[in-house]
Amino acid sequence: MNALERKILEKGVVIGEDILKVDMFLNHQIDVELIRQMGEDFYAHFCHKPVNKVLTVEASGIAIACFTALKFGVPAVFAKKGYHKNVGSNVYSAEVFSFTKGISYQITVMKDYLTADDHVLFVDDFLANGAAAEGVIQMIRAAGATLEGIGIAIEKGFQPGGDKLRGQGIDLYSLAIVEKMKEGSILLREHEA
């Protein structure tokens, strides 16, 4: 069991059967040592690939992307949510549906920061239905860049996102996969040997 899985079981709060609240250590208040370890874990999995950029979606993935990029020695880039006057129209964009918020929004990356020369590792805090990943993949393809893999902190294994992405042949590495949540309990998938 890795540090993230231990923290999920110790501090994670289940809301209903599909929401896992981990804001006390992952995406509101940040356990920096845990995030550092997660960056090292992603590096260990993807270090054989020619990653020259780590990409995420604001805001919850930024800390994870920064520690991962630091380990690779490459820039971290985040897709911005919504329209921003200071970005202009020189962007790649995609529409993404947020499972947690129940709304759709635009994500954008400036074309200066995502080019055909880039070998991208996408990292994020959660994977449920895969909408954010699909939007990011759409922008990577529009730029002519190469997706080297996807690193996810917590995958909801009972939702279809992980299976869809793996079915496309994508190297998807999740640090923790939640199999089931019910009545306040969390069941994690065991790692394959």
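Look a little higher up for the structure.
Residues numbered from 1 in each chain as written. Predicted model: local features only at pLDDT ≥ 70, side-chain atom pairs only at ≥ 80, totals over all residues. Heavy atoms only, no water.

(A) Representation of the pairing of strand β4 (residues 76-81) within the structure. In this structure, strand β3 (residues 53-57) lies alongside β4, joined through 4 bridges in parallel fashion. Considered in β4, the bridge of T56 is made with F78. A crossover connection joins β3 to the parallel β4 through helix α4 (residues 62-72); in handedness this β-α-β unit is right-handed. Of the pairings in the sheet, the one linking β4 to strand β6 (residues 103-110) comprises 2 bridges and is antiparallel in character. Across the sheet, K81 pairs through a bridge with I107, a residue of β6. (Pairing = 2+ DSSP bridges. Helix = DSSP H or I, 4+ residues; strand = E, 2+ residues; numbered from the N terminus. Right-handed = clockwise from strand over helix to strand, strands pointing away.)

(B) Quick peek at helix α5 (residues 131-143). Look at α5: 19 Å from first C-alpha to last across 13 residues, which is about the 18 Å you get at 1.5 Å a residue. Phi turns positive one or two residues past the end of α5, at G144, with a value near 80°. (Expected span 1.5 Å × (residues − 1).)

(C) Main features of helix α1 (residues 3-11). Burial in α1 covers these residues: L4, E5, K7 and I8. The buried residues of α1 occupy one face: seen down the axis, they fall within an arc of 160°. Residues of α1 that are buried make contact with β2 (19-21), α2 (23-27), α3 (32-46), β8 (146-156), β9 (172-182) and β10 (185-188). Measuring from the backbone nitrogen of L4 back to the side-chain oxygen at the start of α1 gives 3.1 Å, which picks out N2 as the cap. (Buried < 20%, exposed > 50% of the residue type's maximum accessible area, 1.4 Å probe, protein only. Arc of directions from axis to C-beta. Contact = heavy atoms within 4.5 Å. Polar contact = N/O pair within 3.5 Å; in protein donor to acceptor, adjacent residues only side chain to side chain.)

(D) Expanded view of the environment of Q159. When you line up the elements, Q159 lands in the loop between β8 and α6 (161-167). As a C-alpha pair, Q159 and Q138 span 21 residues in sequence and 21 Å in three-dimensional space.

(E) Molecular detail of unusual backbone geometry. At the junction of E58 and A59, the peptide bond is cis and its omega measures out at 0° in the coordinates. Structurally, A59 is set in the loop between β3 and α4.

(F) The arrangement of the nonpolar core in detail. Core analysis: the biggest nonpolar cluster contains 30 residues, and L4, I8, L20, L26, M38 and I154 have the highest contact counts within it. Of all the elements in the fold, those that place two or more residues in this core are α1, α2, α3, α4, β7 (119-127), β8, β9 and β10. If you look at the next biggest cluster of nonpolar residues, it comprises 27 residues, including L55, A94, V109 and M139. (Core = buried A, V, L, I, M, F, W, Y, C linked by side-chain atoms within 4.5 Å.)

(G) The arrangement of the state of the cysteines in detail. Tallied over the full model, the rule gives 0 disulfides. With no disulfide of its own, C47 lies 20 Å from the sulfur of C66, the closest cysteine sulfur. On the basis of relative accessibility, which here comes to 38%, the residue C47 falls in the partly exposed class. Residue class for C66 comes out partly exposed when judged on its relative accessible area of 41%. (Disulfide = S-S within 2.5 Å.)

(H) Highlighting the packing of aromatic side chains. Per the counting criterion, the structure on display carries 3 aromatic pairs. On the numbers, 4.9 Å between centres and 75° between planes, the contact of Y43 with F72 is edge-to-face. Here the residue Y43 occupies a position in helix α3, and F72 occupies one in helix α4, the gap between them amounting to 29 residues. For the ring pair F46 and Y173, a centre distance of 6.4 Å and an interplane angle of 80° mean the geometry is edge-to-face. A residue pair is termed long-range when its members are at least 10 positions apart, and F46 in helix α3 and Y173 in strand β9 qualify at 127 residues. (Phe/Tyr/Trp six-rings, centres within 6.5 Å; stacked < 30°, edge-to-face > 60°.)

(I) Molecular detail of the side chain of E155. Here E155 is to be found in strand β8. Only 2.8 Å separates the side chain of E155 from the side chain of R166, close enough to count as a polar contact. There is a polar contact of 2.7 Å between the side chain of E155 and the side chain of S174.

(J) Structural context of the sheet that holds strand β5 (residues 91-98). Taken in spatial order, the 8 strands of this open sheet run β5-β6-β4-β3-β7-β8-β9-β10, and their pairing is mixed. Pairing within the sheet leaves two strands with one partner each, and these edge strands are β5 and β10. Pairwise comparison of adjacent strand axes, ignoring direction, gives a mean angle of 30° for this sheet. By the bridge criterion, 8 bridges tie β7 to β8 in an arrangement that is parallel. Bridge pairing in β8 links F126 to I154. Contacts from α4 reach β3, β4, β7 and β8 within the one sheet, and its direction differs from that of β7 by about 145°. (Axes fitted to C-alpha atoms, helices over the stretch in contact; angles between N-to-C directions.)

By themselves these figures say nothing about function.
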